[in-house]
Amino acid sequence: MAALKILQEELPDDSIITADVGSHLHVAGQLWETKGKGQFIISNGWSGMGFGVPAALAALINKPDSKVVCITAMAVS
């Protein structure tokens, strides 16, 4: 939660955030405050793993002047 708070404080209001599938998606979905339409991109329905990075790349191609950030988690064993 602290990382999301820091991102929210540091990123410009017009930033685009994508989130990969995982438990962090639920936290991000509840806590992230968007300033406009199309600024928080997450998967729905089938929840395909690995969604976040390609979604961020597509957002960057679509809006090359925007800050784009992908929130993802890494499993460590």
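In case you missed it, the structure is sitting above this.
Residues numbered from 1 in each chain as written. Predicted model: local features only at pLDDT ≥ 70, side-chain atom pairs only at ≥ 80, totals over all residues. Heavy atoms only, no water.

Trainee: Quick question: what am I supposed to make of the overall build of the chain here?
Mentor: For the chain, the count of helices and strands is three helices and three strands. The order of α-helices and β-strands along the chain, N terminus first, is α-β-α-β-α-β. What you see for the chain is a C-alpha radius of gyration of 12 Å, in line with the 11 Å of a compact globule of 77 residues. In terms of principal-axis extent, the alpha carbons of the chain reach across some 35 × 25 × 25 Å. A separation threshold of at least 6 residues defines the contact pool for the chain, and within that pool the share at least 24 residues apart is 61%. Taking the average place of the 5 positive charges on the side chains of the chain and the average place of its 7 negative ones, the gap between the two points comes to 4 Å. (Helix = DSSP H or I, 4+ residues; strand = E, 2+ residues; numbered from the N terminus. Rg over C-alpha atoms; globule rule 2.2 N^0.38 Å. Contact = heavy atoms within 4.5 Å. Lys, Arg positive; Asp, Glu negative; His and termini not counted. Charge placed at Lys NZ, Arg CZ, Asp CG, Glu CD.)

Trainee: Would you mind going over the side chain of D20 with me for this structure?
Mentor: Position of D20 relative to the elements: it lies in the loop between β1 (16-19) and α2 (23-31). For the buried residue D20, which engages in no salt bridge, the nearest side chain bearing the opposite charge is K67, 21 Å off. Polar contacts involving the side chain of D20 include one to the main-chain amide nitrogen of F51, which spans 2.9 Å. Among the polar contacts listed, one links the side chain of D20 to the backbone nitrogen of G52, at a separation of 3.1 Å. In contact with D20, other than residues within four places in its own chain, are L25, M49, G50, F51, G52, I71 and T72. (Buried < 20%, exposed > 50% of the residue type's maximum accessible area, 1.4 Å probe, protein only. Salt bridge = Lys/Arg side-chain N within 4 Å of Asp/Glu carboxyl O. Polar contact = N/O pair within 3.5 Å; in protein donor to acceptor, adjacent residues only side chain to side chain.)

Trainee: What should I look at first to understand α2 in this one?
Mentor: Note that an α-helix has 3.6 residues per turn; residues three or four places apart therefore point the same way. Residues H24, L25 and A28 constitute the buried set of α2. Along the axis of α2, the buried residues cluster in a sector spanning 105°; they form a single face. Across α2 from its buried face, at more than 90 degrees, point the exposed residues S23, H26 and Q30. Residues of α2 that are buried make contact with α1 (2-10), β1, β2 (40-42) and β3 (68-71). (Arc of directions from axis to C-beta.)

Trainee: Honestly, the environment of E10 in this entry has me stumped. Any pointers?
Mentor: Looking at the secondary structure, you find E10 in helix α1. With 41 residues separating them in the primary sequence, E10 and F51 have C-alpha atoms 24 Å apart.

Trainee: Where do I start with the side chain of S15 in this structure?
Mentor: Here S15 lies in the loop between α1 and β1. According to the relative accessible area criterion, S15 is buried, its value standing at 5%.

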